[in-house]
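If you want the building blocks of each chain, they are given just below.
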Amino acid sequence: DDDQDDHDDDHHGDDGDDDHGDGQHSFSEELIHQGIHTIEYVLGCVSNTASYLRLWALSLAHAQLAEVFWEKFIQGSLEANNPVFLVVGFAVWAFATFGVLLCMDLLECFLHALRLHWVEFQNKVFLYHQR
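Predicted model only: the values in this text are computed from it and were never measured.

1. Some words on the overall build of the chain
Then comes step 1: Secondary structure summary: the chain contains two helices and zero strands in total.
Then comes step 2: Looking at the chain as a whole, 10% of its 131 residues qualify as buried.
Then comes step 3: Nonlocal contacts in the chain, meaning residues at least 24 apart in sequence, comprise 71% of its contacts between residues at least 6 apart.
Then comes step 4: Of the roughly 10600 Å² that the chain leaves accessible, carbon and sulfur atoms contribute 66%.

Next up, the structure:
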């Protein structure tokens, strides 16, 4: 057993000699690790910003389409001074509004919920599991 203890002491002594090298190595590893975390954080910020910009662009397109549909179908029908054109214009406007705008609004809500659940929640879960 004494020989085993001496062997363990020699082994620990060897580790003690390498502690200075391991300290430098762990500092460089920590520096690289922090650099990677910084890059991931910046990319996450850019990704979150781009995601919100996509949602904003979708809502702007929604607003512009609503204005175009109103001008072309309702105002165009009112300017014709014909009740048939008014009924047809209203029907086309209603179908276009439902088909494009409401479905686009549904898509916008779905994308926002998906973004909140997938991007933001998953980022937090991923960071939690890394620790």
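After presenting the structure, the write-up continues.
2. Focus on the side chain of E108
Then comes step 1: Mapped onto the elements of the fold, E108 is located in helix α2 (residues 83–130).
Then comes step 2: Contacts of E108, omitting those with residues within four sequence positions, involve L55, L58 and S59.

3. Some details on a nonpolar patch on the surface
Then comes step 1: Taken together, the side chains of L107, F110, L111, L114 and W118 make up a nonpolar region of the molecular surface, amounting to roughly 520 Å² of accessible area.
Then comes step 2: Position of W118 relative to the elements: it lies in helix α2.

4. Remarks on the packing of aromatic side chains
Aromatic ring pairs: the centre-centre distance and the angle between the two ring planes describe each pair.
Then comes step 1: Tallying each qualifying case throughout the model produces three aromatic pairs.
Then comes step 2: Measuring from ring centre to ring centre gives 5.8 Å for F69 and F73, while their planes differ by 35°; the resulting arrangement is tilted. Here the residue F69 and the residue F73 both occupy positions in helix α1 (residues 2–80), the gap between them amounting to four residues, near one helical turn.
Then comes step 3: On the basis of relative accessibility, which here comes to 24%, the residue F73 falls in the partly exposed class.
Then comes step 4: Look at W70 and W93: their rings are 5.7 Å apart centre to centre, the planes differ by 80°, and that puts the pair in the edge-to-face class. Of this pair, W70 sits in helix α1 while W93 sits in helix α2, and the two are 23 residues apart along the sequence.

5. What about the confidence of the model for the chain?
Then comes step 1: Taken as a whole, the chain shows an average pLDDT of 77; of its residues, 74% reach a score of 70 or greater.
Then comes step 2: Ignoring residues within four places in sequence, the model shows residues 2–20, a span with pLDDT below 50, making zero contacts including any to other chains.

6. Concerning unusual backbone geometry
Then comes step 1: Here the phi dihedral of N81 falls at roughly 55°; this positive angle occurs in a residue that is not glycine.
Then comes step 2: Examined against the element boundaries, N81 turns out to sit in the loop between α1 and α2.
Then comes step 3: Taking relative accessible area as the criterion, N81 reaches 70% and is therefore assigned exposed.

7. A short note on the side chain of S77
Then comes step 1: As for its placement among the helices and strands, S77 is situated in helix α1.
Then comes step 2: Residue classification places S77 among the buried positions, given a relative accessible area of 8%.
Then comes step 3: For S77, the side chain forms a polar contact with the main-chain oxygen of F85, separated by 3.0 Å.
Then comes step 4: When neighbours within four sequence positions are excluded, S77 is seen to be in contact with N82, F85, L86 and G89.

8. Remarks on the environment of S51
Then comes step 1: Inspection of the secondary structure assignment puts S51 in helix α1.
Then comes step 2: In this structure, the C-alpha to C-alpha distance between S51 and H112, residues 61 residues apart in sequence, is 8.7 Å.

Criteria and thresholds
- Residues numbered from 1 in each chain as written.
- Predicted model: local features only at pLDDT ≥ 70, side-chain atom pairs only at ≥ 80, totals over all residues.
- Heavy atoms only, no water.
- Helix = DSSP H or I, 4+ residues; strand = E, 2+ residues; numbered from the N terminus.
- Buried < 20%, exposed > 50% of the residue type's maximum accessible area, 1.4 Å probe, protein only.
- Contact = heavy atoms within 4.5 Å.
- Areas by Shrake-Rupley, 256 points an atom, 1.4 Å probe, with all protein chains shown as cover.
- Patch = residues over 30% accessible without salt bridge, like charges linked within 9 Å, V, L, I, M, F, W, Y side chains within 5 Å.
- Salt bridge = Lys/Arg side-chain N within 4 Å of Asp/Glu carboxyl O.
- Phe/Tyr/Trp six-rings, centres within 6.5 Å; stacked < 30°, edge-to-face > 60°.
- pLDDT = per-residue confidence, 0-100.
- Polar contact = N/O pair within 3.5 Å; in protein donor to acceptor, adjacent residues only side chain to side chain.

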